[in-house]
Amino acid sequence: MSTATPVREESHDGIPSGPSSQHHPSPHGRRPGGTVGGGLFDPRQLVRSLPQALRKLDPRVMITSPVMFVVEVGSVVTTVLAVAHPGDWFGWTIAAWLWLTVLFANLAEAVAEGRGKAQADTLRKAKTDSVARRLTDDGTEERVPGTGLRVGDLVVCEAGDLIPGDGDVVEGVASVDESAITGESAPVIRESGGDRCAVTGGTKVLSDRIVVRITTKPGETFIDRMISLVEGAARQKTPNEIALNILLASLTVVFLLAVVTLQPFALYAGAEQSLTVLAALLVCLIPTTIGALLSAIGIAGMDRLVQRNVLATSGRAVEAVGDVSTLLLDKTGTITLGDRRAAAFVPVGNATEAELAEAAQLSSLADETPEGRSVVVLAKERYGLRERHEGELAGADWVPFTAQTRMSGVDLPATGAASGADGPDGVRLRVRKGAAGAVCAWVGERGGQVTDELHTQVERISQEGGTPLVVGIEDADGARALGVIHLKDVIKDGMRERFAELRRMGIKTVMITGDNPLTAKAIAEEAGVDDYLAEATPEDKMTLIRSEQTGGRLVAMTGDGTNDAPALAQADVGVAMNTGTSAAKEAGNMVDLDSDPTKLIEIVEIGKQLLITRGALTTFSIANDVAKYFAIIPAMFAVAYPGLDTLNIMRLSSPQSAILSAVIFNALIIVALVPLALRGVRYRPMSADRMLRRNLAVYGVGGLVAPFVGIKLVDLLITLIPGVG
Amino acid sequence: MNQTLADVLQLVALVGALALVHRPFGDYMAAVYSSGRHLRVERLLYRCIGADPGAQMRWPAYLRSVLAFSVVGVLFLYAMQRFQDKLPLSLGFAPIDPDQAFNTAASFVANTNWQSYAGESAMGHLTQMAGLAVQNFVSAAVGMAVAIALVRGFVRARTGELGNFWADLVRGVVRILLPVAFLSALALVAMGAVQNFSGMHEVHTLSGATQHIPGGPVASQEVIKELGTNGGGFFNANSAHPFENPNGLSNLLEIFLILVIPFSLTRTFGTMVGSVRQGYAILAAMGIIWLGSVLVITASEYAHPGTAAQLAGGAMEGKEQRFGEGSSSLFAASTTMTSTGAVNSFHDSFTAFGGGMTLLGMMLGEIAPGGVGSGLYGMLIMAVVAVFIAGLMVGRTPEYLGKKIGTREIKFAASYILITPALVLGGTALAMALPDGKEAMTNIGAHGFTEVLYAYTSGANNNGSAFAGFGADTPFFNTTIGLCMLLGRFLPMVFVLALAGSLASQTPVPTTAGTLRTEKPLFSGMLVGSVTIITGLTFFPALALGPLAEGLSR
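The structure displayed is predicted, hence computed values, not measured ones.

Criteria and thresholds
Residues numbered from 1 in each chain as written. Chains lettered and ligands numbered in written order. Predicted model: local features only at pLDDT ≥ 70, side-chain atom pairs only at ≥ 80, totals over all residues. Heavy atoms only, no water. Contact = heavy atoms within 4.5 Å. Buried area = accessible area lost by both parts, 1.4 Å probe. Salt bridge = Lys/Arg side-chain N within 4 Å of Asp/Glu carboxyl O. Helix = DSSP H or I, 4+ residues; strand = E, 2+ residues; numbered from the N terminus. Nonpolar A, V, L, I, M, F, W, Y, C, P; charged D, E, K, R; others polar. pLDDT = per-residue confidence, 0-100. Pairing = 2+ DSSP bridges. Axes fitted to C-alpha atoms, helices over the stretch in contact; angles between N-to-C directions. Parallel < 35°, antiparallel > 145°, perpendicular 65-115°, else oblique. Patch = residues over 30% accessible without salt bridge, like charges linked within 9 Å, V, L, I, M, F, W, Y side chains within 5 Å. Areas by Shrake-Rupley, 256 points an atom, 1.4 Å probe, with all protein chains shown as cover. 1 Å grid on protein atoms, 1.4 Å probe; cavity = no way out; pocket = protein on both sides within 12 Å on 5 of 7 lines; lining within 4 Å. Points joined across faces, edges and corners; volume = space filled by probe spheres on them. Buried < 20%, exposed > 50% of the residue type's maximum accessible area, 1.4 Å probe, protein only. Disulfide = S-S within 2.5 Å. Left-handed = near helix turned anticlockwise from the far one by under 90°. Core = buried A, V, L, I, M, F, W, Y, C linked by side-chain atoms within 4.5 Å. Lys, Arg positive; Asp, Glu negative; His and termini not counted. Charge placed at Lys NZ, Arg CZ, Asp CG, Glu CD. Phe/Tyr/Trp six-rings, centres within 6.5 Å; stacked < 30°, edge-to-face > 60°. Lys NZ or Arg CZ within 6 Å of the ring centre and 35° of its normal.

Draft legend 1. Seen up close, the interface of chain A and chain B. Counting residues at the interface gives 62 residues for chain A, matched by 62 residues for chain B. Across the chain A to chain B interface the summed buried area is about 5100 Å²; carbon plus sulfur atoms make up 76%. It is Phe265(A), Tyr268(A) and Leu692(A) in chain A that bury the most area against chain B; as a group they hold 15% of the surface buried on that side. Applying the counting rule to chain A against chain B returns two salt bridges. The shortest N-O distance in the salt bridge between Asp323(A) and Lys404(B) comes to 3.0 Å. Contributions of two or more residues to the side of chain A that touches chain B are made by α9 (239–260), α10 (262–269), α13 (315–323), α18 (495–504), α23 (599–637) and α25 (688–720) of chain A. Partitioning the side of chain A that touches chain B into residue classes produces 36 nonpolar, 16 polar and ten charged.

Draft legend 2. Looking closely at the confidence of the model for chain A. Residue and element names in this part refer to chain A. This prediction gives chain A a mean pLDDT of 82; 89% of its residues lie at or above 70. Considering only residues more than four positions removed or in separate chains, one finds that residues 1–39, a stretch of pLDDT under 50, has 83 contacts. Predicted confidence for residues 416–425 stays below pLDDT 50, and this span has 13 contacts to residues more than four positions away or in other chains.

Draft legend 3. Seen up close, the sheet that holds strand β3 (residues 154–158) of chain A. All names here are of chain A. Spatially, the six strands line up as an open sheet ordered β2-β1-β3-β9-β4-β7, and their pairing is antiparallel. Two strands lie at the open edges of the sheet, namely β2 (141–145) and β7 (198–199), each paired on one side alone. Pairing analysis gives five bridges linking strand β1 (residues 131–135) to β2, with the strands arranged antiparallel. Each residue of the ladder has a partner; that of Ala 132, found in β2, is Val 144.

Draft legend 4. Fine view of the packing of helix α7 (residues 218–227) of chain B against helix α8 (residues 248–273) of chain B. Residues and elements named next belong to chain B. Between α7 and α8, the least distance of the axes is 7 Å, while the angle of their chain directions is 45°. It follows that α7 is oblique to α8 by the angle criterion. Across the interface between the two elements, Glu 222, Val 223, Glu 226 and Leu 227 from α7 touch Glu 254, Leu 257, Ile 258, Val 260 and Ile 261 from α8.

Draft legend 5. Just a nonpolar patch on the surface, in detail. A grouping of Val701(A), Leu704(A), Val705(A), Val709(A), Leu713(A) and Leu716(A) is seen on the molecular surface, where their side chains present a nonpolar patch of about 490 Å² in accessible area. Positionally, Leu716(A) belongs in helix α25.

Draft legend 6. How the structure looks around the layout of surface pockets. All names here are of chain B. Each pocket or cavity is described by its volume, and for the second largest pocket that value is around 550 Å³. What lines the second largest pocket is a set of 22 residues, among which Leu 360, Thr 532, Gly 536, Phe 540 and Leu 543 lie closest to the centre. With nine residues, the single largest contributor to the lining of the second largest pocket is helix α18 (residues 521–551).

Draft legend 7. Structural detail: unusual backbone geometry. Residue and element names in this part refer to chain B. A cis amide bond links Ala 368 with the next residue in sequence, Pro 369, at an omega value of 0°. Tracing the chain through its elements places Pro 369 in the loop between α12 (352–363) and α13 (374–392). Even without glycine at this site, Arg 158 takes up a positive phi of about 55°. With respect to the element layout, Arg 158 can be found in the loop between α5 (125–155) and α6 (165–191). The class for Arg 158 is exposed, based on a relative accessible area of 55%.

Draft legend 8. Spotlight on the state of the cysteines. If you walk through the whole model with that rule in mind, you get zero disulfides over all chains. The structure places no disulfide on Cys197(A), whose sulfur is separated from the nearest cysteine sulfur, that of Cys157(A), by 14 Å.

Draft legend 9. Highlighting empty space enclosed by the protein. Residue and element names in this part refer to chain B. Enumeration over the complete set of coordinates arrives at six cavities of 30 Å³ or more. Considering only enclosed or pocket space, the largest cavity measures out at about 330 Å³ in volume. Taken together, 26 residues line the largest cavity, and the ones lying closest to its centre are Leu 364, Gly 365, Tyr 416, Thr 420 and Asn 461. Counting residues per element, the ones that place at least two in the lining of the largest cavity are α13, α14 (407–433), α17 (475–504) and α18.

Draft legend 10. Expanded view of the sheet that holds strand β19 (residues 531–533) of chain A. Residue and element names in this part refer to chain A. Strand order in the open sheet made by the seven strands is β10-β22-β21-β20-β11-β18-β19, with mixed pairing throughout. With partners counted over all chains shown, the strands left at the sheet margins are β10 (310–312) and β19, one partner each. Here the strands of the sheet are splayed against their neighbours by 20° on average, with no regard to which way each runs. Taken together, the four bridges between strand β20 (residues 555–559) and strand β21 (residues 573–577) define a ladder with parallel strand orientation.

Draft legend 11. Representation of the packing of α6(B) against α7(B). Residues and elements named next belong to chain B. Taken N-terminus to C-terminus, the directions of α6 and α7 make an angle of 125°; their axes are 8 Å apart at the nearest point. Overall, the two elements α6 and α7 adopt an arrangement that is oblique. Relative to α7, α6 is oriented so that their crossing is right-handed. Two secondary-structure elements touch here, α6 through Leu 177, Val 180, Ala 181, Ser 184, Ala 185, Leu 188 and Val 189 and α7 through Ala 219, Ser 220, Glu 222, Val 223, Ile 224 and Leu 227. Of the residues in the contact of α6 with α7, the class split is ten nonpolar, two polar and one charged.

Draft legend 12. Fine view of the nonpolar core. Membership of the largest hydrophobic core comes to 319 residues, with the highest contact counts inside it found for Leu327(A), Met590(A), Ile261(B), Ile282(B), Met379(B) and Tyr400(B). Among the elements that line this core, the one with the most residues is α23(A), at 21 residues. Val375(A), Ala379(A), Leu385(A) and Ala396(A) belong to the second-largest nonpolar core, a separate cluster that totals 28 residues.

Draft legend 13. Broad picture of a positive patch on the surface. On the surface, Arg504(A), Arg682(A), Arg684(A), Arg690(A) and Arg693(A) cluster together to form a positively charged patch. When you line up the elements, Arg682(A) lands in the loop between α24 (655–679) and α25.

Draft legend 14. Region of interest: the environment of Ile210(A). Residue and element names in this part refer to chain A. Mapped onto the elements, Ile 210 comes out in strand β9 (residues 209–214). For Ile 210, a relative accessible area of 0% translates into the label buried. When the C-alpha atoms of Ile 210 and Asp 88 are compared, they prove to be 75 Å apart, with 122 residues separating the residues in sequence. Every residue in contact with Ile 210, bar those within four places of it in the chain, is listed here: Val 155, Val 156, Cys 157, Ile 163, Val 169, Glu 171, Gly 172, Val 173, Ala 174, Arg 190, Val 199 and Val 205.

Draft legend 15. Quick look at the packing of aromatic side chains. Tallying each qualifying case throughout the model produces 20 aromatic pairs over all chains. Seen from their ring centres, Phe154(B) and Tyr400(B) are 5.3 Å apart, and the 85° between their planes marks the pair as edge-to-face. Of this pair, Phe154(B) sits in helix α5 while Tyr400(B) sits in strand β3 (residues 399–400); the two residues are 246 residues apart in sequence, bridging distant segments of the chain. Overall, Tyr400(B) belongs to the buried group, its relative accessible area being 0%. An aromatic cluster is built from Tyr629(A), Phe630(A), Phe708(A) and Phe540(B), whose rings are joined through pairwise contacts. Positioned above the aromatic ring of Phe350(B), the side-chain terminus of Lys319(B) is 4.2 Å from the ring centre.

Right under this line is the structure:
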């Protein structure tokens, strides 16, 4: 399968990305590589999100979070009571803090959403109503608004035009500025046919002319989807989020029961409680911490993907990604650098390595393919052979590499040759380098003999997973093969370590390659992947995905070509490269705007981090309740049963201060945890056992202990207020 | 022998015996429920009830069978009590009042055995044997069947089929409960329990007074009372009565019988899911909670602060001299942690904390080790909840035994954990709010409250033991507690079976290094933490106003 390497080459080595920063859609910047970090959290965002948070107080919005809805009802009840007894400072204070609790929850959500807003605004600018030049049936152009386009319409775009909608290039080739969506200012090439024909509405044609067939209805284009995604408007609760909400609702009902039934018990004990106190107790007990932060965690998880320039079409996919147990990775571009590199010169017969290197260099000067250039580089690095340019050798007749001849080389006149290979007058020096079959045939044509030794070497290199290139020469001594250049796949830096990490996380990696099994095996071993699929056809991939799935495994893969589309659709997580075809982008459930297949690993980490954050905060929230009981129960009942004051182990100063401290702590902990919810719990690849132990210690035990300290501190502060405590 | 040493030795002997037996017995039960063969007597039974034991049931069908069988049981038992004067061996007792007959029928079908009557002075032999004792067997077998159906839910894949209820029911009775009960009854008779069909024996005491000593088929009913975690005594004094529980050895045997099936079922579970270590993890969680309860009660009974108790060396009020604090505490912990409800001492007379612990033991939901079957499924539900929260913390959507805990599964588990708190707190609140409830109370203050709380806790959790202290035989209590028992038994079963059906239809997820390991001690510890924190939080306010207020009073 092809990957986007040539375009990537251009975009990295081409125009520097300096002036692009103002177009950069991400306000937070991106962090390429590394393990999962988080977005930045700016306290000023809290202030900025306040109006939005207030709007969310609408009960119709609140009801979507059952836990916080109960808090809002409690706030209303306590406020009404406070109004009825205006002189009761305690009632007013409780009411105020309950409102603050609701507000903090809304604030958390608003801040999370706000982070996508800036990005959405930049995108909207790109979506200015463009005018499309539609081709009519008779070949003439008509100008229609971009919104009036229909699927199947053909439009013409020339240098300077905004492409009016998503589509495929059907005619021509052009360089396109996609910075509006990718943030990458270097232009990319879009051409008809092949795997790089997809163009996105809102991007700009920089040169040439293309004809685009529109594939998406206006309003449903990639950029529209992206806007609604980053704004969180189209956010639907994910399955796990719904499940967690059910559990939280159930706990809320249990605590509601515990509090409602408490009044008859209290009446019997002769310690009737005011509704205000009962509401305070209820709010402290129900899992408000996680209830308040749940949706912020989800939005922030999406946002972390967006910051890495990955767009998920559904939150479901982000969750599924944490469960992935098999990763299908394309060899080329993901595990290895896009191209094979020359790794060694293997001379045969009487030739020396230096001779071979020189001949190889000469023959590769006219070879502009990455492989060819790598030969020149190796010759320079290993033998100090200065790179010569084509003009340097007078009278040289360059033979460029073509797919037909499968070789490149040079014919040099006898005189003036800088080469040490002196040929007799009248005989020209010819050097050829290329595929073993092609060069051997060339040597044969020239009357030379190819030795068995050469065949053995060619065979050996193939078996080791390399590509053998034979260097042939014809000089005074006749035509012969000097030796073989060993081209090897170069494993990207750090891949071995990442695969080891993935293994520790319980994820199996499968390398997909079109290479023969021998080559595939050698590379698989070197890279440290668990398995490989050699000579892979699209059908093979589908079969592999299906067989993994019947075993209950979730499969993730990347792809960009049209022939990847079925597999992308079949995989549980399909990450399409932005450089890929529209078919691939449609089929996958995520699009990587950077078209970096390695990112799949990061995506998995983000998915896991999302789930861990939810679990950690749920555990923390429930564990918090223990301390709150020790604050509130003695405060409520020590009057009726003085013995219960023994439970006041925090020695809180007064019953009112105790209840207030618990309520205030309960509200403040939400704000305190907003950065954690947005950033996500720190994630490092490790086994499930170690991760559980660590998180239980931090969030379980921590959740048990923290409120004892926190409530006591708030109580101490309250006693400082004159007239209280 | 010093008292502490004796208590420790007794505990060691009990744990040793359970450790020895649970493996072969658990594996035997697994084989019974997995077997494809039918005994001749079983075939006969299937023909009588018109059931096809080979037919596989999906969860709604399984549930319908459970409910139909239980409804028939309630009606039959109700009728039997209402017409007992017309039945043979009635000993001349009058028919039972409608509300009490309903309460008793509900109680025995729900495996609760809450008794608002005194056995020896209200029920004839036929009602006891053909009515109550039969339910002691079959209600226990129903619990086991539902537990096995849930285990099958974990084991099976891509099918909704949970087995056949009638086959599970009949096998549970014929191959497990009956043989063990028969052997144990012989042992109990050998230890001195009575077994006859006589009515009252009139005896004359040395001082010339006349006493009426009742006889009856005591040992046979005693054994299934413990083995099936039923708890309904032949006599009102239950296992404190010397004819039911004559001596220390019989006491130990009865505790063993109470615990043997619930603990062994963890092995059955482990064997059936193909990983005995999974069973051990559940066993460990159950064992830790049970042992904790034993230690708290024992310590509390020995360390009673009162003067009389100090002189006696512990709180002996309401305890039998032949058992003492140690054996009484061990029995009390075991009976309240297993939904048995048999008593060999008066829980109402326990110290505030000891009594509070028996109460908390039931509030935990009867899952450590819990009732026969109900303990296992209750603990597995808690495991599902614990896995859901902890599973998230390892970065995967939660899964237990290869099955995903998704929206459907958590919906059923969350509904399950809602039921008993609702019944306990709702029932108690109703009793405390209505004059009907408060009028029946004979104690005041925190202790009086604890008694009412205990009654509803016992009923809704299908324990059946009583704190007593108030007149439970009123239409109000008979009806409300009767409803609590039925709802507390069968509503959870609805969700257990629904969960089982949902699990059975899934494709299992393979275990990888990223999977939460549920067979590790860490998970057992987390399970214990989840159980105690979640139920502890639910009932803390109520406990504070009852046993805590009493125990901490100065």
